[in-house]
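Here is what each chain is made of, one letter per residue.
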There are 2 protein chains.
Amino acid sequence: MRVFIPGVDGYLGWSLAQHLAARGHEIAGADSFFRRKWVGEMESWSATPIVSMDERLKAFKEHYGRELVFWEGDLTEWDFVESVFKEFRPETVVHLGECPSAPFSMVDVHHAVMVQTNNIVSTFHLMFAMKDITPDAHLIKLGTMGEYGTPDMDIPEGFFDVEFRGRKGHMPFPRGAGSWYHWSKVHGSNNIMFACKLWGLRATDVMQGVVFGTRIDEMAGDERLLTRLDFDGSFGTAINRFCCQAVIGHPLTPFGKGLQKRGFLPLRDSMQCLTLALDHPAEAGEYRVFNQFEEVYGVTDLAHKVQAAAEKLGIESEIRALVNPRVELEDHYYNPDHQHLLDLGYRPSHDVDAELRIMLEDLTKYCDRIDAKRDVLIPDVKWKGDRERVAYLHDPVASA
Amino acid sequence: MRVFIPGVDGYLGWSLAQHLAARGHEIAGADSFFRRKWVGEMESWSATPIVSMDERLKAFKEHYGRELVFWEGDLTEWDFVESVFKEFRPETVVHLGECPSAPFSMVDVHHAVMVQTNNIVSTFHLMFAMKDITPDAHLIKLGTMGEYGTPDMDIPEGFFDVEFRGRKGHMPFPRGAGSWYHWSKVHGSNNIMFACKLWGLRATDVMQGVVFGTRIDEMAGDERLLTRLDFDGSFGTAINRFCCQAVIGHPLTPFGKGLQKRGFLPLRDSMQCLTLALDHPAEAGEYRVFNQFEEVYGVTDLAHKVQAAAEKLGIESEIRALVNPRVELEDHYYNPDHQHLLDLGYRPSHDVDAELRIMLEDLTKYCDRIDAKRDVLIPDVKWKGDRERVAYLHDPVASA
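Nothing here was measured: the structure is a model prediction, and the numbers come from that model. (Residues numbered from 1 in each chain as written. Chains lettered and ligands numbered in written order. Predicted model: local features only at pLDDT ≥ 70, side-chain atom pairs only at ≥ 80, totals over all residues. Heavy atoms only, no water.)

## Considering helix H2 (residues 34-41) of chain A
All names here are of chain A.
Logical step 1: For H2, the set of buried residues is Arg35, Trp38 and Val39. Projected down its long axis, H2 shows its buried positions confined to an angular sector of 95°, all on one face.
Logical step 2: For H2, the elements touching its buried residues are helix H1 (11-21), helix H5 (102-105) and helix H6 (109-133).
Logical step 3: Glutamate 43 sits one or two positions beyond H2 and adopts a positive phi of about 60°. (Buried < 20%, exposed > 50% of the residue type's maximum accessible area, 1.4 Å probe, protein only. Helix = DSSP H or I, 4+ residues; strand = E, 2+ residues; numbered from the N terminus. Arc of directions from axis to C-beta. Contact = heavy atoms within 4.5 Å.)

Below, the structure written as C-alpha cells:
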C-alpha cells in the first residue's frame, strides 16, 4: 500500500515509516524539520543522537531495500501538498505532521497562534488534497486523549448515546481540552468529522495516549535508524522524561499531587495500533474515533515504576514533585474506553517493566547528551502565562 | 462605558456603534474593510449605498456629539491589536470582526483556510490583549446558532445536563456545524471557553440567529448613517435577500424543500440583545452562552411573509425554490432554547410584518443598485466544491 507520512522526521513518523516498510508498504514522507527547530528553541535536543534526513534515508534504503520517497516542505503551503499528492497518490495518509506540544502552545500569543494555525491548516490541506486527488484514500489523523480532558464520567470513543428532554441522539462526546495545543486537535477533529460528512472522506481519528519508548524492534543494531526522544519540559512526555532523569541521577518530577491519570502505551504498541487502523480502513464517509492506549496509570505510580526499574540496573533515583505549571485536575475520575482497537486485534504489550529496562539501557548510552541539557528537565512554561523554571513542591527535608 | 467594536464597518458593527453611542457609551472601532473587499470579490456590493469610513465618522460625530475613535487595521496582526488595547483600554469588547459567510468559506481550500485562520487568530489576539492589558473587561463574542446545526433534539444555551453510564455532568452541548465558517465559530467558542477557565476572563458567547432589517431608529434621516445590506448568495442572508429579490421583481428563492427552520431576529432586536449582554457582564471566569433570536421560522414561510408584505406595497413576487447548493437537512426538528436574554429583559419586537414593510420601502429606493448586480441573487458556491449558479428546482410550469 502507498502510505504517505507527513511528519516523517518525528518521533512517531520515523518509527512508523520503518514499521510499515518492514511490512512491505511503499512509504513516502514529508517534513519541514520544524520539530528539530522547535526543540532547539526550547534549548534542548533529542536524547538519542538522531542523524540528518540524508543519512536517515540512506540507512532506510540499506535496511528495507527500497527508497523512502521524501519531500522537504511545509504542509501549510497548499502547492507543496498538492504536488506531493499528484506525484505519490497515497492510498493511506497517516498525518503526524502537527506541532505536538501543549507547553509550546502556552508560551505566549504567538506560539498559541502558530500551533493552532499550523495544525488546522496542515490538516485542511491534506483533506482538500484527498478530496481533489485521492478521494478514496484513508486518512489516519493523530489526535490525543487530551482532547477529552478529565470529565467526571466515562469517556467513550468519540461518540456517545445521549438523552435530552426525552429525545435520544448519538452525538460527539463533548471535549474538554487543557491547552491551546489540545484544542487545536479538537478543532482538527471537528473539521475532519465534517469533511467525512461533506465529501465522503474516510477517516480514523486516533485519540492517542502518552507514548513512551526509545525504539521498535526494526531499529535494532543501527543507530541511524533510532528515532528522536525528547526530554525537555515542552516536547518530552512523562515516562520518557522520567527515564532521562533517572539515567543522569536527576529527581523524577511529577507535577503537583501527581495523581493525574492518563492512558499510556509503548511506542511499539502505537505502531501496532496505527498499522491495524491502516489495515482496516474506515468506510467511505465514515469518521471513526479510536482511543489508543494500553492502560491507564497515575503519573506518580509511573515514576515509582521507573524508579524500581532503574534500581534493578543499579541506578538510585528519588521522586520529587514540582509545583504544577499547568492548570489541570491533580486527582480525578478517569475511565476511558479503548475497545475499538482491541476488536481489530490489538494485543497490548502489558510489560511496562521490560520496556522501561530497554529504555533505561538505551538512554544510559546517551546520558552525556541529556546531562548537557539538564536544565530543560524542569519545565519553564506556565499555563498562567509567565515563564520561569518551576520550583519543587516541597522542601526535600520537610517532605522526607 | 468604553466599548471597543472590532468590525465596526460591518452590518452589525456600524449599527451597534450608533445604538451604543445614543446610549452614552464611548465607542472605539477597528476595521480592515475586508468585508467590502470580500463582497466585491463575489461581484456584489451593499444594497444600501454605504459611504466611506471618513464620511461615516463625520456623520457619527454630527449626530452623536462625540468622536468614534477608529483604527484601520487587521486583527490578525498582534501589534495592531495590542496598540489599540493600550490606547483605548476597553471595558467591553464586542467582537464583530470575523468573516461571517458560510458560502465564502466553501469556495475552495484557500477560502476555507482564510476564514478559519482569520476568525481564530483575530479572536486569539483579542483574548490575549484582554488578558495582558484589560483583564477585567467583558468579551461579547458573536457566534452563530449555526454552531449547533440541526440535531434531532432540543438545543440548550451552550451547556446541558447529561447522564452517561450512571454519572452526571454539566457539559458543552455537542456542536454540529454545517460549513467551514460555522466550524470556525465553534473553534472560537471552544478557545474562549478555555480562556475563561485559564485566565478568568469574562465572556458572553452569542449564538445569534439570522438577522434581518435595513435600519435601526438611530439611522433615520441621514443616509450616511445607514448600515450595509448584502444580497449576494454568499454574504446576504435569507430575509434580507428575499426583500431585495422582491423589490426588483426577482423570484424569492428558498433552497430545496425550503422547510429548513432557523432562529431569526430583526437588526433592532440584535442591538437590544447585545446591549443587554453589555449591561449585564459575565462574572470573572464565567463563560456563558446566549442563544439570541426572536422566533423560529421555516424559510419558505418567511418567503411567504415577504411575498405578502410586498403585495401590500403593490409588488407582485413569486416563490421559486432553487436546487440546494448546501449540504443540510431540509426538513428537521428544531427547538432551541432562548431564555437567558429574556431573563435579562429582552423584549422581542414580534412584528415581522412591520419590519418587512420598512425593509421593502427602504430597498425600493435602492432597487437600481440591486438590479445592477442581480446575477448574484442566485448562489454559485456549492458545498460539494464546484462553482456555478444553481438552477431552479422545478420547472416553473410543472410546479405550478
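What follows continues from the structure just given.
## A few points about the packing of H6(A) against helix H7 (residues 180-199) of chain A
Each pair of packed helices can be summarised by the angle the axes make with each other and by the distance between the axes.
Residue and element names in this part refer to chain A.
Logical step 1: Between H6 and H7, the least distance of the axes is 9 Å, while the angle of their chain directions is 20°. Comparing the axis directions of H6 and H7 gives the class roughly parallel. Between H6 and H7 lies a crossing of right-handed hand. Where H6 abuts H7, its residues Ala112, Val115, Gln116, Asn119, Ile120, Thr123, Phe124, Met127, Phe128 and Lys131 lie against Trp180, Tyr181, Trp183, Ser184, His187, Asn191, Ile192, Ala195 and Trp199.
Logical step 2: Split by residue class, the contact of H6 with H7 holds 12 nonpolar, 6 polar and 1 charged. (Axes fitted to C-alpha atoms, helices over the stretch in contact; angles between N-to-C directions. Parallel < 35°, antiparallel > 145°, perpendicular 65-115°, else oblique. Left-handed = near helix turned anticlockwise from the far one by under 90°. Nonpolar A, V, L, I, M, F, W, Y, C, P; charged D, E, K, R; others polar.)

## A word on the sheet that holds strand S10 (residues 261-266) of chain A
Adjacent strands of a sheet form backbone hydrogen bonds with each other and so pair up, either parallel or antiparallel.
Residues and elements named next belong to chain A.
Logical step 1: Pairing in this open sheet of 3 strands is mixed, and the strands run S9-S10-S12 from one edge to the other. Edge positions in the open sheet fall to strand S9 (210-212) and strand S12 (295-298), since each of these has one partner strand only. Neighbour-to-neighbour, the strand axes of this sheet turn through a mean angle of 45°, independent of strand direction.
Logical step 2: Taken together, the 4 bridges between S10 and S12 define a ladder with antiparallel strand orientation. Looking at S12, one finds that arginine 262 is bridged to tyrosine 297.
Logical step 3: Packed onto the sheet, helix H10 (residues 299-312) meets S10 and S12 and runs at close to 90° relative to S12. (Pairing = 2+ DSSP bridges.)

## Considering the interface of chain B and chain A
Logical step 1: At the interface, 54 residues of chain B touch 54 residues of chain A.
Logical step 2: For the pair chain B and chain A, the two sides together bury roughly 4700 Å², of which 71% comes from carbon and sulfur.
Logical step 3: One salt bridge in this structure joins Asp152(B) and Arg167(A), with 2.9 Å as the shortest N-O distance.
Logical step 4: Summed over the shared surface of chain B and chain A, the result is 12 residue pairs in polar contact (both at pLDDT 80 or more).
Logical step 5: Elements that contribute at least two residues to the side of chain B that touches chain A include exactly helix H6 (109-133), strand S6 (159-164), strand S7 (167-172) and helix H7 (180-199) of chain B.
Logical step 6: Counted by class, the side of chain B that touches chain A contains 32 nonpolar, 11 polar and 11 charged residues. (Buried area = accessible area lost by both parts, 1.4 Å probe. Salt bridge = Lys/Arg side-chain N within 4 Å of Asp/Glu carboxyl O. Polar contact = N/O pair within 3.5 Å; in protein donor to acceptor, adjacent residues only side chain to side chain.)

## Concerning the relation of the copies chain B and chain A
Logical step 1: Each copy of the sequence occupies a distinct position, and chain B is placed on chain A by a rotation of 180° and an axial shift of 0.0 Å, giving an RMSD of 0.0 Å. One copy is carried onto the other by what is essentially a two-fold rotation axis.
Logical step 2: When you check the interface residues of chain B against chain A, 100% turn up at the interface there too, and the contact is symmetric in its surfaces. (Least-squares fit on C-alpha atoms with pLDDT ≥ 70 in both.)

## Topic: the packing of aromatic side chains
Logical step 1: In the structure shown here, the tally under the stated rule is 44 aromatic pairs over all chains.
Logical step 2: Seen from their ring centres, Trp38(A) and Phe104(A) are 5.9 Å apart, and the 45° between their planes marks the pair as tilted. Taken as a pair, Trp38(A) in helix H2 and Phe104(A) in helix H5 lie far apart in primary sequence, 66 residues in all.
Logical step 3: With relative accessibility at 1%, the residue Phe104(A) sits in the buried group.
Logical step 4: Both rings, one in Phe4(B) and one in Trp71(B), keep their centres 6.3 Å apart while their planes meet at 80°; by these two values the pair is edge-to-face. Linking Phe4(B) in strand S1 (residues 2-6) with Trp71(B) in strand S3 (residues 69-72), this pair joins segments that are 67 residues apart in sequence.
Logical step 5: Through successive ring pairs, a cluster of aromatic residues spans Phe124(A), Phe128(A), Phe194(A), Trp199(A) and Trp180(B).
Logical step 6: If you follow Arg369(A) out to its NZ or CZ, it ends over the ring of Trp45(A), 4.0 Å from the centre.
Logical step 7: Lying across the ring of Trp45(A), Lys373(A) places its NZ or CZ 4.7 Å from the centre. (Phe/Tyr/Trp six-rings, centres within 6.5 Å; stacked < 30°, edge-to-face > 60°. Lys NZ or Arg CZ within 6 Å of the ring centre and 35° of its normal.)

## Here we look at the sheet that holds S3(B)
Residues and elements named next belong to chain B.
Logical step 1: An order of S3-S2-S1-S4-S5-S8-S11 is seen for the 7 strands of this open sheet, with the pairing classed as parallel. Of all strands in the sheet, those bounded by a partner on one side alone are S3 and strand S11 (287-292). For this sheet, the mean angle separating the axes of adjacent strands, direction not counted, is 20°.
Logical step 2: Here S1 runs beside strand S4 (residues 92-95); their pairing, made up of 2 bridges, is parallel. The residue of S4 that forms the bridge with valine 3 is threonine 92.

## Regarding the pairing of strand S2 (residues 26-31) of chain A
Residues and elements named next belong to chain A.
Logical step 1: Of all 6 residues in S2, 5 are buried; the element is thus mostly enclosed.
Logical step 2: Note that strand S1 (residues 2-6) and S2 share 5 bridges and pair parallel. Bridging across to S2, proline 6 finds its partner in alanine 30.
Logical step 3: Note on the crossover from S1 through H1 to S2: the handedness is right-handed.
Logical step 4: Summarising the sheet, S2 and strand S3 (residues 69-72) pair through 4 bridges and their orientation is parallel. Each residue of the ladder has a partner; that of glycine 29, found in S3, is phenylalanine 70. (Right-handed = clockwise from strand over helix to strand, strands pointing away.)

## Side note on helix H12 (residues 352-365) of chain B
An α-helix turns once per 3.6 residues; consequently, residues spaced three or four apart project the same way.
Residues and elements named next belong to chain B.
Logical step 1: Here H12 is 14 residues long and its end C-alpha atoms lie 20 Å apart, about the 20 Å a rise of 1.5 Å per residue gives.
Logical step 2: Three or more residues of H12 are buried, namely Val352, Glu355, Leu356, Met359, Leu360, Asp362 and Leu363. Looking straight down H12, one finds its buried side chains confined to an arc of 165°; they lie on one side. (Expected span 1.5 Å × (residues − 1).)

## Focus on the environment of Tyr11(A)
Logical step 1: With respect to the helices and strands, Tyr11(A) occurs in helix H1.
Logical step 2: Sequence separation between Tyr11(A) and Leu68(A) is 57 residues, and the spatial gap between their C-alpha atoms is 16 Å.

## Some thoughts on the side chain of Thr92(B)
Logical step 1: By the secondary structure assignment, Thr92(B) is in strand S4.
Logical step 2: When residues no more than four places from it in sequence are discounted, the contact partners of Thr92(B) are Met1(B), Arg2(B), Val3(B), Phe4(B), His138(B), Ile140(B) and Leu278(B).

## A short note on the confidence of the model for chain A
Logical step 1: For chain A, per-residue confidence averages 97 on the pLDDT scale, and residues scoring 70 or more make up 98% of the total.
Logical step 2: Scored as a whole, the predicted complex attains pTM 0.97, and scored at its interfaces, ipTM 0.97. (pLDDT = per-residue confidence, 0-100.)

## Here's the deal with the nonpolar core
Logical step 1: Of all hydrophobic cores here, the largest spans 132 residues; its most connected members are Phe4(A), Trp180(A), Phe4(B) and Trp180(B).
Logical step 2: The residues contacting Phe4(B), other than those within four sequence positions of it, are Ala28(B), Gly29(B), Ala30(B), Trp71(B), Val84(B), Phe85(B), Phe88(B), Pro90(B), Thr92(B), Val93(B), Val94(B) and Leu126(B).
Logical step 3: In this structure, Ile5(B), Ala246(B), Ala277(B) and Leu377(B) belong to the second largest nonpolar core, which totals 70 residues. (Core = buried A, V, L, I, M, F, W, Y, C linked by side-chain atoms within 4.5 Å.)

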